Amino acid sequence: MTVIWSRLSCIVLLNRGQRNISLFSNTTPSNWNKVVSDAEKIVGYPTSFLSLRCLLSDELSNAAMHVRKLVGTKHPLLNTARGFVYDSRNNLQMRGLVVLLMSKAAGPSQHKASDLLPQDMISGIYPSQRNLAEITELIHTAFLVHRGIVNLKEWTNSDGPLKDMQFGNKMAVLSGDFLLANACTGLAQLNNTKVVELISSAIGDLVQGIYHEMPNSLEDKSLTDDINMVTWEEQRFLSHGALLAKSCQAAMELAKHDKDAQGLAYKYGKHLSLGHKLNSDLQPFVKNSSAGPVTFSLNSAPVVFHRQIVGQERWRHQLQQAKTIGTIDYTKLRSTIKLEEGVTSTMDLCRYHGNKALESIQCFPSSEARSALENIASTVTKF
């Protein structure tokens, strides 16, 4: 008990201060939290416990001890760690929850050749499917930790801050690698080559998607970036949708469902993820302007739509007008973008993906799990 308390205390120490990580968020947190809470009851337990076994391992408790040294620095690994432990506004493990709900909504396979027995299920879900949900969360968490690595070129050679950032980067790499290694070990233990192939390809998609996004995070790059919405959807699917889509498909494979059921589960994960990303990109444009300073990516969906509508030359001119002493005035730029149809086009596309997600699960039997999946898809399309 003393050892467990020591480990938990290390992690809880990371929970001090502001929490700014959001993985599956919504403009109406109370409604979103209710949808999530109801869904968690259906699968048997809160999905915040999915990675608890990993959090209490000897290796990660040692890492947490070292991460404590970053308290007081500005390294983003701290904010990431805080969000994993607790986020008062958003549930951070929605991918695992969706995999579990999909598993329960589809139920056992009716295929005669299946050697799986209904009595092996717990709350309507096979143990292998629960393991898959945990693996999905570990992979997602590992990539979040890795993305918290700081560009050291932006820091001076002063002894204190630079060393803090260097140490934080080392911890981000090691912690992310540890989580990913655990996920790969669990994946091998599922003893299903097709599932291994699916999730391995999803990891590759994540790497490729993040690679595409990296240069787009620079403001100067956005001045000449001519990305269109077709390319935007392809790239965002890789970085935000492939893991959930292929995990949903893998859950069907573990239950020996046919290709049609696997394809529908894949479509639900794909369209839900894209709908969520569009919803997330919309938030700076639909929330109350008096809520405080606004900022957004210059390659978010409303901006890409706007750039397509007004043309590249006019966009560059608008961007220059929004600059003050080399810094972009995002409030002014947002007002300019809202004059055109970029925001409404993004809303329409978000609703489209939400509706496609809903359509994909209508063939599953009516149940609490299917209703929960429908509620999640519907909530993602509310702004």
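All of these numbers come straight from a predicted model, not from anything done at the bench.

A.B. asks: For the overall build of the protein, give the residues involved together with the corresponding values.
C.D. replies: Along the protein, the regular secondary structure elements total 17 helices and 2 strands. A buried classification covers 51% of the 383 residues belonging to the protein. In the protein, 80% of the contacts between residues at least 6 apart in sequence involve partners at least 24 apart. Total accessible area on the protein stands at roughly 18,300 Å², and carbon and sulfur atoms take up 54% of it.

A.B. asks: Which residues make up the packing of aromatic side chains, and what values do they have?
C.D. replies: On inspection of all chains with the given rule, the structure shows 3 aromatic pairs. Their ring planes at 45° and their centres at 4.8 Å tell us that phenylalanine 285 and phenylalanine 296 sit as a pair that is tilted. Here phenylalanine 285 is found in helix H12 (residues 259-286), whereas its partner phenylalanine 296 is found in the loop between H12 and helix H13 (301-310), with 11 residues between them in sequence. Owing to a relative accessible area of 2%, phenylalanine 285 belongs among the buried residues under this scheme. Taken together, a centroid distance of 5.1 Å and an interplanar angle of 80° make the contact between phenylalanine 296 and tyrosine 330 edge-to-face. Here phenylalanine 296 is found in the loop between H12 and H13, whereas its partner tyrosine 330 is found in helix H15 (residues 330-338), with 34 residues between them in sequence. Here phenylalanine 296 and tyrosine 330 have matching classes, each one buried.

A.B. asks: Now, about the nonpolar core: what can you tell me, with residues and values included?
C.D. replies: Proteins that are soluble and globular tend to have nonpolar side chains buried together. Counting residues in hydrophobic clusters, the biggest one holds 56 residues, and the most contacted among them are Val98, Leu101, Met102, Leu132, Ile139 and Tyr268. Mapped onto this core, the elements with two or more residues apiece are helix H2 (29-43), helix H6 (94-106), helix H7 (127-146), helix H8 (159-189), helix H9 (193-216), helix H11 (229-254), H12 and helix H17 (368-380). The element contributing the most residues to this core is H6, with 9 residues. With residues up to four places along the chain from it excluded, the contact list for isoleucine 139 reads Leu180, Ala183, Ile199, Ile203, Leu206 and Leu243. Grouped together as the second largest cluster of nonpolar side chains are 16 residues, Phe285, Val303, Trp315 and Tyr330 included.

How each quantity is defined
Residues numbered from 1 in each chain as written. Predicted model: local features only at pLDDT ≥ 70, side-chain atom pairs only at ≥ 80, totals over all residues. Heavy atoms only, no water. Helix = DSSP H or I, 4+ residues; strand = E, 2+ residues; numbered from the N terminus. Buried < 20%, exposed > 50% of the residue type's maximum accessible area, 1.4 Å probe, protein only. Contact = heavy atoms within 4.5 Å. Areas by Shrake-Rupley, 256 points an atom, 1.4 Å probe, with all protein chains shown as cover. Phe/Tyr/Trp six-rings, centres within 6.5 Å; stacked < 30°, edge-to-face > 60°. Core = buried A, V, L, I, M, F, W, Y, C linked by side-chain atoms within 4.5 Å.

Interpretation note: all reported values are geometric properties and have no functional meaning in isolation.
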